Amino acid sequence: EPEVTQTPSHQVTQMGQEVILRCVPISNHLYFYWYRQILGQKVEFLVSFYNNEISEKSEIFDDQFSVERPDGSNFTLKIRSTKLEDSAMYFCASLGREQYFGPGTRLTVT
Amino acid sequence: ELKVEQNPLFLSMQEGKNYTIYCNYSTTSDRLYWYRQDPGKSLESLFVLLSNGAVKQEGRLMASLDTKARLSTLHITAAVHDLSATYFCAVPGGNQFYFGTGTSLTVIP
């Protein structure tokens, strides 16, 4: 069964550093999403992506964040200058008949 | 902005008992999704409800959707320990999904 994959599973970075989180969505899906979940809290939408461009973004998705689909398979989330409050689980998802979530990347900013 | 509320937020129930989790949302939608999340894990899709009156069942879980009342329920029948997890409902709106606050379910022997 096809699945969404994410790398790395855990990323530790220092405040102010740039991080890139990677996702490989399910190949025939057209809509992709990034979410974050701070420990113990609800799932928060960051951005949706369709046809190689952002279709919607939340207030959280400020100028520090960007998304790309550099090669037709990978889907990346970049955080330019990480802050302590960016520490969270980041989930990628792609939409077919239902929304399929990747296993997540745990980002720890120290 | 579409708001999605779940109640209860925390639920502790004994094995063998029945209970219902409620998901209310603030604007019209004809679809609703239920997910399960185990601690430290990703979200697993449980149900996709695609129309008013939709009812789906899988094992001890049954989900229903009333689009007129903007309400979905997730009913647990004869709970077992393996059902302990956090359950989220989500409603699509625009080009995003709005998630409920989650219900943390603990089933105790």
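What counts as what
Residues numbered from 1 in each chain as written. Chains lettered and ligands numbered in written order. Predicted model: local features only at pLDDT ≥ 70, side-chain atom pairs only at ≥ 80, totals over all residues. Heavy atoms only, no water. Pairing = 2+ DSSP bridges. Helix = DSSP H or I, 4+ residues; strand = E, 2+ residues; numbered from the N terminus. Axes fitted to C-alpha atoms, helices over the stretch in contact; angles between N-to-C directions. Core = buried A, V, L, I, M, F, W, Y, C linked by side-chain atoms within 4.5 Å. Buried < 20%, exposed > 50% of the residue type's maximum accessible area, 1.4 Å probe, protein only. Contact = heavy atoms within 4.5 Å. Buried area = accessible area lost by both parts, 1.4 Å probe. Salt bridge = Lys/Arg side-chain N within 4 Å of Asp/Glu carboxyl O. Polar contact = N/O pair within 3.5 Å; in protein donor to acceptor, adjacent residues only side chain to side chain. Nonpolar A, V, L, I, M, F, W, Y, C, P; charged D, E, K, R; others polar.

S.K.: I'd love a proper account of the sheet that holds strand S8 (residues 75–79) of chain A, names of residues and values included.
M.R.: All names here are of chain A. Here four strands make up an open sheet; going across it, the order is S1-S3-S8-S7 and the pairing antiparallel. The open sheet is flanked by strand S1 (5–7) and strand S7 (65–68), the only strands paired with a single partner. Across the sheet, the mean angle separating the axes of adjacent strands is 20° when strand polarity is ignored. Sheet topology places strand S3 (residues 19–24) next to S8; five bridges connect them, and they run antiparallel.

S.K.: Mind laying out the nonpolar core, listing which residues take part and the relevant values?
M.R.: All names here are of chain B. In this structure, Val4, Leu32, Trp34, Leu74, Ile76, Tyr87 and Leu105 are the most contacted members of the largest nonpolar core, which totals 26 residues. Sorting the residues of this core by element identifies strand S2 (10–14), strand S3 (19–25), strand S4 (32–37), strand S5 (43–49), strand S7 (61–66), strand S8 (71–76), strand S9 (85–93) and strand S11 (103–108) as the ones contributing at least two each. The greatest single-element share of this core, amounting to four residues, is contributed by S9. Setting aside anything within four residues of it in sequence, one finds Leu105 in contact with Leu11, Met13, Ile76, Leu83, Ser84, Ala85 and Tyr87.

S.K.: I'd like a description of the interface of chain B and chain A, backed by residues and values.
M.R.: Contacts between chain B and chain A engage 20 residues on the former and 20 residues on the latter. Summed over both partners, the interface of chain B with chain A comes to about 1,600 Å²; 53% of that surface belongs to carbon and sulfur atoms. On the chain B side of the interface with chain A, the three residues burying the most area are Asn95(B), Phe97(B) and Phe99(B), jointly 36% of the side's total. There are zero salt bridges connecting chain B and chain A. On the surface where chain B and chain A come into contact, there are seven residue pairs in polar contact (both at pLDDT 80 or more). Residue assignment for the side of chain B that touches chain A shows that the elements contributing at least two residues are S4, S5, S9 and strand S10 (96–99) of chain B. Counting residues per element, the side of chain B that touches chain A draws most heavily on S10(B), at four residues. Of the residues belonging to the side of chain B that touches chain A, the class tally is eight nonpolar, ten polar and two charged.

S.K.: Break down the side chain of Thr20(B) for me, with residues and values.
M.R.: Residues and elements named next belong to chain B. Inspection of the secondary structure assignment puts Thr20 in strand S3. The buried category is assigned to Thr20, whose relative accessible area is 16%. At 2.7 Å, the side chain of Thr20 forms a polar contact with the side chain of His75. Ignoring any residue separated from it by four or fewer positions in sequence, one finds Thr20 in contact with Pro8, Thr73, Leu74 and His75.

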